[in-house]
Amino acid sequence: MKVLYIHFHELPGEPQLYEHLLALLSEYTPLVQALPPDAALADLSGSLRYFGTDAPALAERIRARTGGLYGLRSTVGIAANPLLARMVAADGPPSAVRTLPDDVDAVAAFLARKPAAALHGVGPATARTLSSYGLDSVGRIAAAPLGTLQRILGITAGRKLHDAARGLDPTPVVPAAAPRSMSVEQRFPRDECDRDRQRAALLALTDRLGLRLRTESQAAKALTLTVRYADRSTTTRTRTLREPTAHTQELTSLAYELHDRLALQRARVRTVSLRAEELIAAELASRQLLFDPADEKARRIEDAVDRARVRFGAGAVRPAGATPAAGTSPDHVPGRETGQASGRDAA
């Protein structure tokens with residue numbers, strides 16, 4: 001198998017553009033798997049002979065087309081499986097094509113000195129646990145007995161880590177369109193270092209996102225925060241909501257939590273965006289009854305504010321302390337924010 005992992009840099013929060021990029025990839029192979037909001041996997045195994053070229057040359061052709069058509073930079077990793085393709089793409093500066101030979105010794109040398117957290121699926125908590133046992137690099141994890149890893153992490157997780165540390169990943173590239181989602185974005189007038197101003201922007205974004213979800217009778221199962229910095233690098237974090245919701249208060253709480261976990265004390269932030277993921281019809285969303293008067297009051301106020309906005313415009317009412325969206329006027333119409341609903345059933 002020859003897998004290509006491509007990451008698009010500075011991708012605007014426009015789901016239609018992301019869909020166009022997936023369609024472009026599908027011109028080279030039918031095996032394209034969306035990894036929203038800004039990446040994808042493609043299995044080139046059956047395409048190389050058809051196009052009469054090798055994987056790096058085909059990747060450069062794809063990069064040239066996405067750059068020429070959409071003005072986007074991209075980074076591509078090519079390897080024998082999705083795990084290695086992701087890792088080799090991240091192994092250096094952006095905007096390049098990097099290839100890892102399908103050779104046991106080359107793979108072992110590539111992985112040996114990588115930190116444990118470099119393995120896809122190893123989060124901060126797992127990395128800390130492994131480090132406490134002296135397993136702070138992929139090479140050391142690969143040298144550890146399977147039984148040791150299973151005692152530390154459990155049978156299934158230990159087995160997966162044991163294979164990943166050796167560069168083994170049986171996961172196929174499964175053709176899949178981008179899931180239905182909805183996003184909003186705010187660009188600061190200047191690079192923003194102040195945490196309170198960043199949180200004010202998040203409050204404005206969750207207010208807009210919640211209104212759009214409720215207007216379209218949708219509920220989100222997960223929320224993704226993307227922060228773009230002055231050096232054009234980005235950080236993306238996704239968390240699943242406690243239950244599918246369109247309630248602004250719950251969206252705001254999770255957005256603040258994601259932001260706090262980034263610990264951006266001195267970071268110069270240029271843009272923040274939020275994406276509501278895995279949308280479902282509002283009538284299908286179950287809700288846990290809390291019997292909490294404060295929660296019920298918040299929802300009644302939210303309903304009243306929604307009615308006022310329908311009558312007087314989306315800008316008629318906004319949360320105290322929220323940063324107004326750049327270019328948003330009092331008669332701004334819901335649904336015109338950056339990033340319309342997208343996906344298989346967006347039409």
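All figures in this text were calculated on a predicted structure; none of them were measured in a lab.

Peer 1: Is there a simple way to explain the overall build of the protein chain in this structure?
Peer 2: What the protein chain contains, in helices and strands, is twelve helices and ten strands. A burial count over the protein chain gives 48% of its 347 residues as buried. Considering only contacts within the protein chain whose residues lie at least 6 apart along the sequence, 67% involve residues at least 24 apart. Of the roughly 17500 Å² of accessible surface on the protein chain, a fraction of 52% belongs to carbon and sulfur atoms.

Peer 1: How should I be thinking about the sheet that holds strand 5 (residues 97-99) in this particular structure?
Peer 2: Sheet strands pair via backbone hydrogen bonds, and the direction of the pair is either parallel or antiparallel. Strand order in the open sheet made by the five strands is 2-3-1-4-5, with mixed pairing throughout. For this open sheet the edge positions go to strand 2 (32-35) and strand 5, each flanked by a neighbour on one side alone. Neighbour to neighbour, the strand axes of the sheet diverge by 15° on average, direction disregarded. Summarising the sheet, strand 4 (residues 74-79) and strand 5 pair through three bridges and their orientation is parallel. Within strand 5, the residue paired with Val76 across the bridge is Val97. Sitting on the sheet, helix 4 (residues 82-89) touches strand 1 (3-8), strand 2, strand 3 (39-43), strand 4 and strand 5, and the angle it makes with strand 4 is about 140°.

Peer 1: I'm lost on the pairing of strand 8 (residues 234-245) in this one. Help?
Peer 2: Regular strands show a simple pattern: their side chains alternate between the two faces of the sheet. Pairing of strand 7 (residues 218-229) with strand 8, which is carried by eight bridges, proceeds in the antiparallel orientation. Residue pairing for strand 8: Ala222 is matched across the bridge by Thr240. Between strand 7 and strand 8, which pair antiparallel and follow one another directly, the connecting turn spans four residues, one of which, Arg232, has a positive phi of 75°.

Peer 1: I keep staring at the side chain of Arg208 and nothing clicks. Help me out?
Peer 2: Its location among the elements puts Arg208 in helix 10 (residues 195-215). A polar side-chain atom of Arg208 sits 3.5 Å from the main-chain carbonyl oxygen of Glu185.

Peer 1: Teacher, can you tell me more about the confidence of the model for the protein chain here?
Peer 2: Detailed reading of the predicted coordinates is not advisable wherever pLDDT falls low. Per-residue pLDDT for the protein chain averages 85, and the proportion of residues at 70 or more is 85%. Across the protein chain, strand 4 holds the top mean pLDDT of 97, while helix 12 (residues 293-312) sits lowest at 73. Per-residue pLDDT stays below 50 along residues 326-347; that stretch engages in 51 contacts with residues further than four places along the chain or on separate chains.

Peer 1: What am I meant to see in the side chain of Thr66 here?
Peer 2: Along the chain, Thr66 falls in helix 3 (residues 55-70). Only 3.0 Å separates the side chain of Thr66 from the backbone oxygen of Arg63, close enough to count as a polar contact. Those residues within four positions of Thr66 in sequence are excluded, and the remaining contacts are Phe8, Leu21, Leu24, Gly71, Leu72 and Ser74.

Peer 1: Whenever I open this one, the nonpolar core confuses me. Can you help?
Peer 2: Most often, soluble globular proteins have nonpolar side chains that are buried together. Within the largest apolar cluster, 31 residues are counted, with the highest numbers of intra-cluster contacts made by Tyr5, Leu100, Leu111, Leu119, Leu135, Ile141 and Leu161. For this core, the secondary-structure elements that each account for two or more residues are strand 1, strand 3, helix 4, helix 5 (104-112), helix 6 (124-132), helix 7 (138-143), helix 8 (146-153) and helix 9 (155-164). Ranked by the residues each element gives to this core, the list is headed by helix 4, at six residues. Those residues in contact with Ile141 that lie beyond four places of it in its chain are Ala116, Leu130, Leu135, Leu149, Leu161, Ala165 and Arg166. If you look at the next biggest cluster of nonpolar residues, it comprises 29 residues, including Leu203, Leu223, Leu241 and Leu274.

What counts as what
- Residues numbered from 1 in each chain as written.
- Predicted model: local features only at pLDDT ≥ 70, side-chain atom pairs only at ≥ 80, totals over all residues.
- Heavy atoms only, no water.
- Helix = DSSP H or I, 4+ residues; strand = E, 2+ residues; numbered from the N terminus.
- Buried < 20%, exposed > 50% of the residue type's maximum accessible area, 1.4 Å probe, protein only.
- Contact = heavy atoms within 4.5 Å.
- Areas by Shrake-Rupley, 256 points an atom, 1.4 Å probe, with all protein chains shown as cover.
- Pairing = 2+ DSSP bridges.
- Axes fitted to C-alpha atoms, helices over the stretch in contact; angles between N-to-C directions.
- Polar contact = N/O pair within 3.5 Å; in protein donor to acceptor, adjacent residues only side chain to side chain.
- pLDDT = per-residue confidence, 0-100.
- Core = buried A, V, L, I, M, F, W, Y, C linked by side-chain atoms within 4.5 Å.

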